[in-house]
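This is what each chain is made of:
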Amino acid sequence: MSTPARGWQSTGWRFLALILLAGAQSERIAAQETNQVTVDNDRVEIALVQPKLRIRQNRSLQNGFYAWRIDLRTKDGSAIAIAADTAMRTDNIRDIVRGSTLRRCPDAHDFSSLRCSTRLADSVSVRNDVVRIVLRDSSLVRLIRADRPPAVWASVFEPNGRFRVDRIRVRFDDDEDHVLR
Amino acid sequence: MGPATSVQVETPWAGERWHADDFPPTACRQLTIRPTSPHYRPLVALPVRALASAAACVWSGLRQWWMTIRSVPTAGRSAIVAALFVVLTLGLAPPAGAQSRKDSVTVHARLVLSISEFQAAWQRAWRETETRRFESPNGEAQRRLRSILVHCHPTEADSQFIRTFWHGSDEIVRQRNFQFAQVTGRNSMFAACPTWLFADPNPPAQDERFGRDAALLEEFRVGMHSLRALLLTELDVAAENFPGDGWITGQRVRFLFDQNDIAGAQAAARSCKAERWWCAALRGYAHARINEVLPAEAAFREMQQAMTPQQRCAWDDVRDLLDPAERNAYSSLSCAARVAAVARFWWMSDPLLRVAGNERQVEHNVRRVEVALHSALEQDERYTWTDRFGGDAMVSLVMRYGWPGYTAWGGDSIDDDHTDYLETRSSPRSSPYTTFEYSIDRVHTLPPWAAVSAPFLAPESSWSLSPDDQLGQPYTEWWPDEHFRSRRRLVQLPEGQQAMLRRENGVRVAATVLLSHPLLRQGPPLDVMLVSSTDAANVDTVARRGIRAGTVGVMQGIIPSAPTMLGVEAVGTGNRAVDGRARLGIVPPPSLADLKTGEIAVSDPVLLDLQNEAVNLDKPSEELLDQMLNTVNVDRRHRRIGVYWETYGVSATDTITVSVRVATDEQLSAMRRLGMRLNLAGNPNREVVQSWTLPDPQRGSSIIPGRVPIGINAIVLNLSQLQPDTYVLEVSIERAGSVVTGRRRITVDR
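What you see is a predicted model, and the numbers here were worked out from it, not measured in a lab. (Residues numbered from 1 in each chain as written. Chains lettered and ligands numbered in written order. Predicted model: local features only at pLDDT ≥ 70, side-chain atom pairs only at ≥ 80, totals over all residues. Heavy atoms only, no water.)

Notes on the overall build of chain B
Basically, it comes down to this: Helix and strand definitions follow DSSP, with helices as H or I runs of at least four residues and strands as E runs of at least two, each counted in order from the N terminus. In this scheme, a residue with accessible area under 20% of its type's maximum is buried, one over 50% is exposed, and one in between is partly exposed, where area comes from a 1.4 Å probe on protein chains only. The contact criterion used throughout is that any non-hydrogen atoms of two residues lie within 4.5 Å.
Across its full length, chain B carries 18 helices and 24 strands. Here chain B, with 750 residues, has 53% of them falling under the buried criterion. The long-range fraction of contacts in chain B, counting pairs at least 24 apart against all pairs at least 6 apart in sequence, stands at 72%.

Now the structure itself:
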């Protein structure tokens, strides 16, 4: 004699779980498709979705430098960069990020990320092909909050000379449309 | 028609640049640990794999050596072992070349990132610039108008020019119609839609041909100048360490020009120590950028001499410049056959034969160098140069039209829209997308490829420099297969009348010059030259004189009796930087030296303008040629014309019959002939014939005595009864049953 399924084992619950899972997944996908810069009280979080450049469409790998650069459009022209420490030949974003350093480019004249020598201790991680930078450097966060740039420029560079430049709107925690996460 | 084709030109760094695919250059390569390995687990596997790889490498090397040594005789083996001992004892340093090559790869990799980052900074400034341009009051309308050019969809064949009527809100723009071409790629759906600069953006952009930063607003230029200076410092250091590196030298030259450091760019090109052909190309480019056509031409000549036949074949490829319908004819030629044909093509494309140096050919080489410099990285400030991203369309665009004067950007949303279009058609994103706009004062000096095989039969209509309206403004509804901007404005002179009259040791050639173009109607006289040329190396001045602006002149002189290209070339003097030209191929008749004793001949008839009352036909002489009608199209004002011809070998006492006949020569269809037989249709061919016998004291003629006497004759012809049509004017003479005829095709206009 079979007993009717109860709790999460019932069809209704399974269906609901499926819906929730699909919803969460689609939200995650949606989140991945958009670059984001969010400025909170004590930190700046930057999510960079990998563009479909050579990284994803590679035929023959080249030895060279990968870099991400975020021009913060503050008054002093500050930028941060994730730049590889050495030339590498890979198409794995995790490997690239692992072999790279987060640096601060305090001057607009540090146009080359390799010249940006001020290393930041903040974290960079890769999840679902999204590079996430969490800046907790108080001076940098203060600077951004003070200058309130409406948008930043994010650029990604590949060893073959391809690059892509995107303009990303900055969301401040005190913006009217800011959504608390 | 198939998509556009582009030519892959081998650059000095092709195949080797910073790819580093051949590192390390030993047998151990396959054992090298690469992070790309699917089994790569860096933290755990790295030490283990490194040790294993090193051991395997050493074992493989020793085994290889042992096999080699075992294969040689004992004496040789001893020598090898001894040599090995010495080498190991003294210590064998790695080959210097290998080390420097490895360094070179690292330096290249760093430079690629630096250049890319600079280009990204430039792109940011340019996008800000373009965003602000279209924030002006009529900016949105301007942006909308240009959107069709940004959204360039290759739905039409490459040969198809598209005529577009713009329906914008701007009155001036709306009244102007534009034509543009689609330049498509082979490997993507990316296409470029070049057109004329049809409305100045606000604030106006400067012509980018005169400097890269001209595309930026003034406020961004200083910043870009500083950044580029830093980039140039890096390039300078790299050039010092690797003086023979053509890629580095090329990028230095490129960015020095972008920096407007002309002297620096020229010095960099002069000090180039890379491959000889590439250095010569850079020198030519550097000269051409400051309008030094002759030194540029010399440098490009040296470049061609230093190239391998394959390199030269690719570099000189002119396929992109031809009408798509003619490209197959070009492609069917072998590289060897192309050399002569392309040389003729450029000779025929020379804007002015009288001016030393071929500005158009130099421009072609400049465009090739420009493409090589911009495609040295996959991407430049705005455009992608690899085929998969539509780079072949970009190459084609630059080769056909040069670098655009202005490129408008549609903005992020238009970029996203167009990327969607491309991606749904399996083509990758290639943003930012722009218009490609060119100043309208450009000319198309190239002849059709068909004319290249028979240059001396090319009529004046083979060249269409640029059609202008009555104000001297080029038509925007015209869009050629290629064009370029000459240093001075060049306009087409109207098709005139040419006469070729036999002389003892050559041919007297006479050509009319009508300076009626709106830009030539007023001002100081023009310096006009009648030139004859059989190839690029042989250009002779037949006649030269000043002709008043807005008037007609006749140029005369003696040329050899051989096929030649005849050109009337008027150069503006004083402040007038406008030149005019007309050109055609001619096959002159033989000289009188070839006329056998007792043989007679007649020249083709020449039309004379009788509006000048001083013209006297009673006592005809060679001076009548100064009254040549400036056209063979007889309009209502010229229904009464003079006809001049010469007889050869007819003395004053010879009795000859002269006939002058004007007739249409329309080919009658079979139905028409049947209708005429049945009296149902009339003969559309009309003719007027006059005949008389000489000598006749009532008819004026004169004789120039000589071994072969030259008879000069002229009559008045009234064509007022003729219907507008095309006719053949024939002059025939008959002596003792021998008839000779001279002909000229004329048109009677309404």
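Okay, back to it.
Considering the nonpolar core
Within soluble globular proteins, side chains that are nonpolar tend to cluster in buried spots. Put simply, the test is: For our purposes a nonpolar core is just a set of buried Ala, Val, Leu, Ile, Met, Phe, Trp, Tyr and Cys residues, chained together by side-chain atoms within 4.5 Å.
The biggest cluster of nonpolar side chains holds 55 residues, and the ones touching the most others in it are Trp-278 and Val-369 of chain B. Elements with a minimum of two residues in this core: α3 (96-133), α6 (218-241), α7 (246-258), α8 (262-270), α9 (276-289), α10 (293-306) and α14 (359-374) of chain B. When residues in this core are grouped by element, the largest group, 9 residues, is from α9 of chain B. With sequence-adjacent residues up to four places away left out, Val-369 of chain B is seen in contact with Trp-278, Ala-281, Leu-282, Tyr-285, Phe-300 and Trp-315 of chain B. Counting 42 residues, the second-largest nonpolar core is a separate cluster that includes Ile-82, Leu-114, Ile-133 and Trp-153 of chain A.

Quick word on the interface of chain A and chain B
Applicable threshold: Accessible-area loss on putting two parts together, using a 1.4 Å probe and summing over both, is the definition of buried area adopted here. Each reported salt bridge corresponds to a side-chain nitrogen of Lys or Arg within 4 Å of a carboxyl oxygen of Asp or Glu. Any N or O atom pair separated by 3.5 Å or less is treated as a polar contact, with the protein-specific requirement of one donor-capable and one acceptor-capable atom, and with residues adjacent in sequence counted only for side-chain atom pairs. Side-chain classes are defined by residue name, with Ala, Val, Leu, Ile, Met, Phe, Trp, Tyr, Cys and Pro counting as nonpolar, Asp, Glu, Lys and Arg as charged, and the others, Gly among them, as polar.
Taken together, the contacts link 37 residues of chain A with 41 residues of chain B. With both chains or domains summed, chain A and chain B bury close to 3,600 Å², and 52% of this area falls on carbon and sulfur atoms. Remark: the boundary between chain A and chain B carries 4 salt bridges. Notably, a salt bridge pairs Arg-115 of chain A with Glu-234 of chain B, separated by 3.1 Å at the nearest N-O pair. For the interface between chain A and chain B, the tally reads 11 residue pairs in polar contact (both at pLDDT 80 or more). Counting residues per element, the side of chain A that touches chain B draws most heavily on strand β10 (residues 163-172) of chain A, which supplies 4 residues. Taken together, the residues of the side of chain A that touches chain B break down into 12 nonpolar, 11 polar and 14 charged.

Some remarks on the side chain of Arg-124 of chain B
Checked against the element boundaries, Arg-124 of chain B lands in helix α3. For Arg-124 of chain B, a relative accessible area of 9% translates into the label buried. If near-sequence neighbours (up to four positions away) are discounted, Arg-124 of chain B is found in contact with Arg-69, Asp-71, Trp-153, Ser-155 and Val-165 of chain A.

Thoughts on the state of the cysteines
Residues and elements named next belong to chain A. Inclusion rule: A pair of sulfur atoms, both from cysteines and within 2.5 Å, is called a disulfide here.
By the definition in use, this model includes 4 disulfides over all chains. Here Cys-105 is linked by a disulfide to Cys-116, with a sulfur-sulfur distance of 2.0 Å. Residues Cys-105 and Cys-116 are joined by a disulfide whose S-S torsion is about 105°; by sign, that bridge is right-handed. Placement of Cys-105 in strand β5 (residues 100-105) and of Cys-116 in the loop between β5 and β6 (118-119) is noted, with a sequence separation of 11 residues between them. Overall, Cys-116 belongs to the buried group, its relative accessible area being 1%.

Describing the side chain of Arg-581 of chain B
All names here are of chain B. For the record, the criterion: Positive charges come from Lys and Arg alone, negative charges from Asp and Glu alone, with His and the N- and C-terminal ends not counted.
Here Arg-581 lies in strand β14 (residues 578-586). One buried charged residue, Arg-581, remains without a salt bridge, the closest side chain of opposite sign being Glu-569 at 5.6 Å. Excluding residues within four positions of it along the chain, Arg-581 makes contact with Asp-350, Pro-351, Leu-352, Thr-445, Trp-463, Leu-465, Leu-490, Val-491, Gln-492, Leu-493, Val-568 and Glu-569.

Some thoughts on the pairing of β10 of chain A
Residue and element names in this part refer to chain A. Operational definition: When DSSP finds two or more bridges between two strands, those strands count as paired.
Of all 10 residues in β10, 7 are buried; the element is thus mostly enclosed. In this structure, strand β1 (residues 36-39) lies alongside β10, joined through 3 bridges in parallel fashion. Within the sheet, the bridge partner assigned to Val-39 lies in β10 and is Phe-172. As judged from the 7 bridges shared by strand β9 (residues 151-157) and β10, these two strands associate in the antiparallel manner. Bridge pairing in β10 links Ser-155 to Val-165. Connecting β9 to the antiparallel partner β10 that follows it, the hairpin turn spans 5 residues, and Gly-161 within it adopts a positive phi of roughly 100°.

Description of α10 of chain B
All names here are of chain B. Counted only if it meets this: In this analysis, the expected span of each helix is defined as 1.5 Å times one less than the number of residues it contains. Here the arc refers to the directions that run from the helix axis out to each C-beta atom.
An ideal rise of 1.5 Å per residue puts 20 Å on 14 residues; α10 measures up with 20 Å between its terminal C-alpha atoms. Residues of α10 that are buried: Val-293, Ala-296, Glu-297, Ala-299, Phe-300, Met-303 and Gln-304. Looking straight down α10, one finds its buried side chains confined to an arc of 165°; they lie on one side. In the core, the buried residues of α10 are packed alongside α9, α11 (309-315) and α14.

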